[in-house]
Amino acid sequence: MEFKLEAEPRDATGKGVARKLRAGGKVPAVLYGHGMDPVVVSVDARELTHALHTDAGANVLVDLHVGSKKHLVLAREIQRNHMRGEVLHVDFLAIRRDEKIHVQVPITVEGESPGVKQGGVVEHHLWELSAECLPGDVPQGIEVNISTLEIGDSFRVGDLPAMPGVTILTPEEETILSVVTPQVLEVEEAVAEGEEVAEGEEGAAAEAAEGGEGAAASETPADGSASGEGGGGEG
């Protein structure tokens, strides 16, 4: 999918100029790539937001018009206001249809895990993967099917099925997600095990104490007399 976007060249730069552009509904941007000198431009904030909220997300192919020139670009280094979510600045990387590009592809989870039904939870380790492909082959997302995962099972990058035209660059041994026992249950089990150990130790201590009392009683004659040595001294 490609999104057409108009850009206006600008001569001035700096924080003051950027603030004025944003106040006027524009987003300052820079166009670069393929050995061209960087070109400072501005784009309509609303149109840019629409472009970045297609199914392709930040990997949307943008047909950027700067005056009479057209450039196929990807949005890179997107700076946002984290409080309001608005885009403050964006870099546009010029690309070619016949050259492979590096992209970050989001991960989507499909299916229902048997381990989750048994009380487990899905623990995410990776939310996106690094990939290489032609601009026309950029996937909107990479699906991870968890319908066979039990508690204790994991899904690694190497478990993904091959995708035509797409090379995954993230190492195969890295874990994407796992189905694990919730921490609350682990704590409860640990507490329960600790109580069982404590009860066992108390029982052993009580038995030892009882055994000690019996041994002490057996060492003293029933009539309270002293040992044979004391009797011999009196005789």
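Remember, it's a predicted structure, so these values are computed and weren't measured experimentally.

Enquirer: Explain the overall build of the protein to me, using residue names and the numbers behind them.
Expert: Scanning the protein from terminus to terminus reveals 5 helices and 13 strands. The burial tally for the protein puts 30% of its 235 residues in the buried class. In the protein, once contacts between residues fewer than 6 apart in sequence are set aside, the share between residues at least 24 apart is 65%.

Enquirer: Lay out the sheet that holds strand β7 (residues 101–110) in plain terms, naming residues and giving numbers.
Expert: Strand pairing in a sheet takes place through backbone hydrogen bonds and is either antiparallel or parallel in direction. Taken in spatial order, the 4 strands make up an open sheet running β10-β7-β9-β12, and their pairing is mixed. Taken across any chain shown, the strands that pair with only one partner, and hence form the sheet edges, are β10 (142–145) and β12 (167–168). In this sheet, β12 lies alongside strand β9 (residues 128–133) in antiparallel orientation, the contact comprising 2 bridges. Bridge pairing in β12 places A131 opposite I168.

Enquirer: So, the sheet that holds strand β13 (residues 175–180): which residues are in play, and what are the values?
Expert: With antiparallel pairing, the 3 strands of this open sheet are ordered in space as β8-β13-β11. The outermost strands of the open sheet, each flanked by one partner alone, are β8 (121–124) and β11 (154–156). Along the sheet, successive strands turn relative to each other by an average axial angle of 15 degrees, direction set aside. The pairing of β11 with β13 spans 3 bridges and is classified as antiparallel. Note on β13: the bridge partner recorded for F155 is L177.

Enquirer: Please provide a residue-by-residue account of helix α2 (residues 45–52), values included.
Expert: Note: α-helices contain 3.6 residues per turn, so residues at a spacing of three or four share the same orientation. Buried within α2 we find L48, A51 and L52. Along the long axis of α2, the arc covered by the buried residues comes to 90 degrees, so they all point the same way. On the buried face of α2, the contacting elements are β1 (2–9), β2 (26–33), β3 (36–44), β5 (69–80) and β6 (87–94). Among the residues of α2, the N-terminal cap falls to D44, whose side-chain oxygen and the backbone nitrogen of R46 are separated by 3.1 Å.

Enquirer: Talk me through the nonpolar core; I want residue IDs and the actual numbers.
Expert: Counting 24 residues, the largest nonpolar core has V103, L129, V144, F155, L160, I176 and L177 as the members making the most contacts within it. Elements supplying a minimum of two residues to this core: β5, β7, β9, β10 and β13. At 4 residues, the largest contribution of residues to this core is made by β7. Discounting chain neighbours no more than four positions away, the residues touching V144 are I107, T108, V109, E110, F155, L160, I176 and L177. Judged by nonpolar contacts, the second largest core, of 22 residues, contains V41, L52, A56 and V66.

Enquirer: Which residues make up the environment of I78, and what values go with them?
Expert: Assignment of secondary structure puts I78 in strand β5. Classification of I78 by relative accessible area gives partly exposed; the value is 26%. For I78 and A29, which are 49 residues apart along the polypeptide, the C-alpha to C-alpha distance reads 9.4 Å. Look past the residues within four positions of I78 in its chain and what remains in contact with it is L52, A58, V87, H89 and V90.

Enquirer: Could you give me a rundown of the confidence of the model for the protein, with the residues and numbers involved?
Expert: Of all residues in the protein, 77% attain a pLDDT of 70 or more, and the chain-wide mean is 83. The low-confidence segment residues 214–235, where pLDDT is below 50, has 0 contacts with residues more than four positions distant or belonging to other chains.

Enquirer: Mind laying out unusual backbone geometry, listing which residues take part and the relevant values?
Expert: The phi dihedral of H34 is positive, around 60 degrees, even though this residue is not glycine. Its place among the elements puts H34 in the loop between β2 and β3. Of note in the backbone geometry, E77 takes a positive phi value of approximately 50 degrees without being a glycine. The residue E77 is located in strand β5 in this model.

The rules behind these values
- By convention here, each chain's residues receive numbers from 1 onward along its written sequence.
- pLDDT decides what is reported in this predicted model: residues at 70 or higher carry local features, side-chain atom pairs at 80 or more are listed and counted, and totals for whole chains, interfaces and linings draw on all residues regardless.
- Values shown for side chains rest on all heavy atoms present in the structure; no hydrogens or waters enter the calculation.
- Secondary structure elements are taken from DSSP: a helix is a run of H or I of four residues or more, a strand is a run of E of two residues or more, and numbering for both begins at the N terminus.
- Each residue gets one of three labels from its accessible area relative to the maximum for its type: buried under 20%, exposed over 50%, partly exposed in between, using a 1.4 Å probe on protein chains only.
- Working rule for contacts: check all heavy atoms of both residues, and any pair within 4.5 Å makes them a contact.
- In short, DSSP must find at least two bridges between two strands for them to pair.
- Fitting a line to C-alpha atoms yields each axis, with helices limited to the stretch in contact; the angle taken between N-to-C directions then spans 0 to 180 degrees.
- Throughout, the arc means the angular range of directions from the helix axis out to the C-beta atoms.
- A 3.5 Å cut-off defines polar contacts: any pair of N or O atoms within that distance qualifies, except that in protein one atom must be a possible hydrogen donor and the other a possible acceptor, and neighbouring residues in sequence count only when both atoms are side-chain atoms.
- Among buried residues, those of type Ala, Val, Leu, Ile, Met, Phe, Trp, Tyr and Cys that are joined through side-chain atoms within 4.5 Å constitute a nonpolar core.
- As a per-residue measure, pLDDT tells how confident the predictor is, with possible values from 0 to 100.

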